[in-house]
Amino acid sequence: MISAGVEVKINRLESIVEQIGEAVLSTTETIERLAERLDTLSIQVEAQGQQVQQQAYQIVALCDTVQTIAESQHDSLQKLNQLTQTLDRFMSVIQALDD
């Protein structure tokens, strides 16, 4: 009887150890899959970060271009005002000659 009781206990221990081993293997596989997913996410986040940085550079370049256009338009308006004043003077001179 003692050997039968010991054998039952050994079988139970073997079963428990087997279940623990399976649980460890399953956990290890799950952790490996999670690690792979994290690596993939990390790569995606890094790529998106680079895209955001590139877009920031493009925005800065666009702002510089808009500022240059605004300054150019300001200069053009000043020249147009000068031209208008000159034409007004010519018209005054022409009207004075007609009178």
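In case you missed it, the structure is sitting above this.
Quantities reported herein were computed from a predicted structural model and do not represent experimental measurements. (Residues numbered from 1 in each chain as written. Predicted model: local features only at pLDDT ≥ 70, side-chain atom pairs only at ≥ 80, totals over all residues. Heavy atoms only, no water.)

Moving on, we get to the overall build of the protein chain. Scanning the protein chain for helices and strands turns up one helix and zero strands. For the protein chain, the C-alpha radius of gyration of 42 Å lies well beyond 13 Å, the compact-globule estimate for 99 residues. In terms of overall dimensions, the protein chain has a C-alpha envelope of 140 × 15 × 10 Å along the principal axes. In the protein chain, buried positions account for 0% of the 99 residues. (Helix = DSSP H or I, 4+ residues; strand = E, 2+ residues; numbered from the N terminus. Rg over C-alpha atoms; globule rule 2.2 N^0.38 Å. Buried < 20%, exposed > 50% of the residue type's maximum accessible area, 1.4 Å probe, protein only.)

On the surface, a cluster of negative charge is made up of Glu 29, Glu 32, Glu 36 and Asp 39. The topology assignment puts Asp 39 in helix H1 (residues 2–98). (Patch = residues over 30% accessible without salt bridge, like charges linked within 9 Å, V, L, I, M, F, W, Y side chains within 5 Å. Areas by Shrake-Rupley, 256 points an atom, 1.4 Å probe, with all protein chains shown as cover. Salt bridge = Lys/Arg side-chain N within 4 Å of Asp/Glu carboxyl O. Lys, Arg positive; Asp, Glu negative; His and termini not counted. Charge placed at Lys NZ, Arg CZ, Asp CG, Glu CD.)

Turning our eyes to something else, we now look at the environment of Val 8. Summarising the element assignment, Val 8 is placed in helix H1. For the pair Val 8 and Asp 99, spaced 91 residues apart in sequence, the C-alpha to C-alpha distance is 132 Å.

Right, let's talk about a nonpolar patch on the surface for a bit. A cluster of nonpolar side chains, contributed by Leu 77, Leu 80, Leu 83, Leu 87, Phe 90, Met 91 and Ile 94, occupies part of the molecular surface with about 690 Å² of accessible area. Locating Leu 83 in the fold gives a position in helix H1.

This part covers the environment of Ser 15. With respect to the helices and strands, Ser 15 occurs in helix H1. Spatially, the C-alpha atom of Ser 15 lies 95 Å from that of Leu 80, the residues being 65 residues apart in sequence.

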